[in-house]
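# Fold and contact review
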Amino acid sequence: MRAICWHGKGDMRVDTVPDPRIEQPGDAIIRVTATAICGSDLHLYDGYVPMMKAGDIMGHEPMGIVEEVGPEVTRLKKGDRVVVPFVIACGSCFFCEKSLFSCCDTTNPDAAALAELQGQAGAGLFGYSHLYGGYPGGQAQYLRVPHADVGPVVVRSDQPDEKVLFLSDILPTGWQAAEQGNIQPGDTVAVWGCGPVGQMAIISAWLLGAGRVIAIDRVPERLEMARMQGKAEVIDFTKLDVHDQLQVMTKGRGPDVCIDAVGAESHGLGSMDAMMDKAKAAVGLTTDRIHALRQAIHCCRKGGTVSVPGVYVGFPDKFPMGAAFGKGLTMRMGQTHAQRFLQPLLDRIDKGEIDPSFVITHRLPLEEGPAAYDTFRDKKDGCIKVVLTP
Ligand code: NAD
Ligand code: ZN
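Note that this is a predicted model, so its numbers are computed, not measured.

Calculation notes
- Residues numbered from 1 in each chain as written.
- Chains lettered and ligands numbered in written order.
- Predicted model: local features only at pLDDT ≥ 70, side-chain atom pairs only at ≥ 80, totals over all residues.
- Near = placed C-beta within 6 Å.
- Nonpolar A, V, L, I, M, F, W, Y, C, P; charged D, E, K, R; others polar.
- Domains from an automatic or database assignment.
- pLDDT = per-residue confidence, 0-100.
- Contact = placed C-beta atoms within 7 Å.
- Buried ≥ 20, exposed ≤ 12 C-beta atoms within 10 Å, placed from the backbone.
- Helix = DSSP H or I, 4+ residues; strand = E, 2+ residues; numbered from the N terminus.
- Pairing = 2+ DSSP bridges.
- Axes fitted to C-alpha atoms, helices over the stretch in contact; angles between N-to-C directions.
- Core = buried A, V, L, I, M, F, W, Y, C linked by C-beta atoms within 7 Å.

What follows deals with the site of ligand 1. Close contacts around ligand 1 come from 32 residues, with Gly39, Ser40, Gly193, Gly195 and Gly263 the closest. Class assignment of the residues belonging to the shell around ligand 1 gives a composition of 15 nonpolar, 13 polar and 4 charged. When residues are assigned to domains, the shell around ligand 1 turns out to be shared by domain 1 (2–169 + 336–389) and domain 2 (174–333), each giving three or more.

In structure tokens:
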């Protein structure tokens, strides 16, 4: 089959590789019909995640048709149309029983290596390095899905792929980000980052009762999407001091809920430091608070909640613990427990309450995937989300 494979920093290639086959009795094989590129894939593309091997198959946002199931699979059968969540969970360990699927204790055999970096390992993930189990990903014609009874959600309606595909990651991620914000009716929610995850957090915040949503980014097309589709008020962080602007907009109190949908790196802008220096210079700032997470903590109102879907690894310094403590903030974060949200979010899509397909700007064949990585990372041609068809 054909698959997008990692060959080093900035080097993706479409290779011909062996077809996957059933390895465990709980596996299923999916023929992929649509598969997206995620902001998280850019961390691999940019070489920030260790333990990638040349030839690793990328991708964790796939959907498709079940081709074959192992003898222990009971929930899926050949011919079912499924969306596959990016988290691989066993469904029966201590953590899965608490619905903490991204903390699954059994699907990441390389946990020890990750523990050094992250404190404790999370679940296995598709196409996300040997830190997360080394599972081949879904930017390919076929995908082996371990624990197939626990992950994939069956799509029974005739919704097009584009409307349901993002159940694989960004929709549950944006939803969990908003839900972890503990939004109360009428709350003001500020969202840093208007990439695909930020856009999903914005629409989720409204559905969870926000009275006002304020979105922050620098990319004009993304701010425009947040304004038009997300009905958010927007702030361009290269033009305004975000902290001061939020103070003005909330009459000096700060947003009730602050969501960091940016994470550790800022893509297509050179290094984080260079980008921050540029942005700080643009608004004459001398403090460090322009970093999205720091800024979210500094801007949040006393007693508010900071929710962090953005990915961090290692030991980001200058975490403003004093501000977080002084204001009595609640902080929530982590990899999405995707399995928890699939059926309820699919029901909302089927009822017409959510249509996440508005983020798609680029539809391309799998063979054009490597070039699409560049387009997405560098935000060329107004690129916000790429969907590939094998
Ligand atoms: P993306 O790279 O497309 O979007 C990030 C956006 O942040 C960009 O539009 C960028 O311009 C903006 N940005 C950069 N610096 C900023 C700043 N200082 N203030 C405001 N905006 C800023 O990525 P995405 O696909 O939207 O993903 C966002 C984050 O969510 C990534 O870190 C990704 O790895 C993470 N993620 C987490 C999970 C999870 O399970 N928690 C799942 C999927 C993605
Ligand atoms: Zn993703």
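Turning our attention to the confidence of the model for the protein. Confidence in the prediction for the protein averages 91 pLDDT; 89% of positions are at 70 or higher. Taken together, the stretch residues 266–276 has pLDDT below 50 and engages in 12 contacts with residues farther than four places along the chain or on a different chain. Note that residues 285–290 has pLDDT below 50 and, in this model, 14 contacts with residues that lie over four places away or in other chains.

Let's shift gears to helix α5 (residues 170–180). Note on helix geometry: an α-helix contains 3.6 residues per turn, so any two residues three or four positions apart are oriented the same way. Counting buried residues in α5 gives 10 out of 11 residues, a clear majority hidden from the surface. Turning to α5, its buried residues are Ile170, Leu171, Pro172, Thr173, Gly174, Trp175, Gln176, Ala177, Ala178 and Gln180. On its buried face, α5 is in contact with α6 (196–207), β14 (257–260), β15 (305–308), β16 (330–333) and α12 (342–350). Of the residues flanking the end of α5, it is Asn182, one or two places downstream, whose phi is positive at about 55°.

On to unusual backbone geometry, then. In the Ramachandran plot, Asn182 falls in the positive-phi region, its phi being about 55° despite a non-glycine side chain. Along the chain, Asn182 falls in the loop between α5 and β11 (188–192). For Asn182, a count of 15 C-beta atoms within 10 Å translates into the label partly exposed. Backbone geometry at Lys251 places phi at a positive 50°, although glycine is not the residue there. Looking at the secondary structure, you find Lys251 in the loop between α8 (242–249) and β14.

Strand pairing within a sheet occurs via backbone hydrogen bonds; the two strands may be parallel or antiparallel. What the 6 strands build is an open sheet, ordered β13-β12-β11-β14-β15-β16; its pairing is parallel. Each end of this open sheet is capped by a strand with a single partner; those strands are β13 (233–236) and β16. Pairs of neighbouring strands in the sheet enclose a mean axial angle of 15°, with direction left out of account. As defined by bridge partners, β14 adjoins β15 across 3 bridges and the pair is classed as parallel. Bridging across to β15, Val257 finds its partner in Thr305. Each of β11, β12 (212–217) and β14 touches α6; the most contacted strand, β12, lies at about 170° to it.

Turning our eyes to something else, we now look at the nonpolar core. Formed by 114 residues in total, the largest nonpolar core has its most connected members in Ile30, Val191, Ala201, Ala215 and Ile259. A total of 7 residues in this core trace back to one element, the largest contributor, which is strand β3 (residues 28–37). Both domains that furnish three or more residues to this core are identified here as domain 1 (2–169 + 336–389) and domain 2 (174–333). Once residues lying within four places of it in the same chain are set aside, the contact partners of Ala201 are Gly174, Ala177, Ala178, Val191, Ile259, Ala261 and Pro309.

With that settled, the discussion passes to the sheet that holds strand β4 (residues 56–57). The 3 strands lie next to each other as β2-β1-β4, forming an open sheet whose pairing is antiparallel. Across the chains shown, the open sheet's two edge strands, defined by having one partner strand only, are β2 (12–16) and β4. Where strand β1 (residues 2–6) and β4 come together, 2 bridges link them in antiparallel fashion. Considered in β4, the bridge of Cys5 is made with Ile57.

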